[in-house]
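Summary of the model geometry
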Amino acid sequence: MEEVFRTNDLVKLSYIEHLLQEAGIEYFVADQHMSAIEGNIGAFPRRVMVREDVLRAAENALSGVDRG
């Protein structure tokens, strides 16, 4: 799997998930449960992963999202 996005912002993560779902792209959110270890301080970003064969389509679906 390839990383297509990384963020600490849970609102942005929800938006990214929505965009990928609308595009019909399966994804996996890695490090989603790190908040239990870190105490919800946002030190570990969540990584959105997709299969390599849909990486380009996922990047296109997320092209309008600010990565900052």
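All values reported here derive from a predicted model rather than from experimental measurement. (Residues numbered from 1 in each chain as written. Predicted model: local features only at pLDDT ≥ 70, side-chain atom pairs only at ≥ 80, totals over all residues. Heavy atoms only, no water.)

To continue, consider the pairing of strand β3 (residues 46-50). With four of five residues buried, β3 is to be regarded as a mostly interior element. Pairing analysis gives five bridges linking strand β1 (residues 2-7) to β3, with the strands arranged antiparallel. Across the sheet, residue Phe5 finds its bridge partner in β3, namely Val48. (Buried < 20%, exposed > 50% of the residue type's maximum accessible area, 1.4 Å probe, protein only. Helix = DSSP H or I, 4+ residues; strand = E, 2+ residues; numbered from the N terminus. Pairing = 2+ DSSP bridges.)

What follows deals with the pattern of salt bridges. Taken as a whole and judged by the stated rule, the model has four salt bridges. Between Glu3 and Arg6 there is a salt bridge; the shortest N-O distance is 2.7 Å. Exposure remark for Arg6: the relative accessible area of 44% places this residue in the partly exposed category. Where Glu26 meets Arg51, a salt bridge forms, and the shortest distance between an N and an O atom there is 4.0 Å. Placement of the pair is Glu26 in the loop between α1 (10-22) and β2 (28-30) and Arg51 in the loop between β3 and α3 (55-61), with a sequence separation of 25 residues. For Glu26, a relative accessible area of 59% corresponds to the exposed category. (Salt bridge = Lys/Arg side-chain N within 4 Å of Asp/Glu carboxyl O.)

Taking strand neighbours across the sheet as the criterion, the three strands line up as β1-β3-β2 in an open arrangement whose pairing is antiparallel. Bordering the open sheet on either side are β1 and β2, each of which pairs with just one other strand. For this sheet, the mean inter-axis angle between neighbouring strands, taken without regard to orientation, is 30 degrees. (Axes fitted to C-alpha atoms, helices over the stretch in contact; angles between N-to-C directions.)

As for its position among the elements, Glu22 is in helix α1. Judged by its relative accessible area of 63%, Glu22 falls in the exposed class. Expressed as a C-alpha distance, the spacing of Glu22 and Ala61, which sit 39 residues apart in the sequence, is 8.9 Å.

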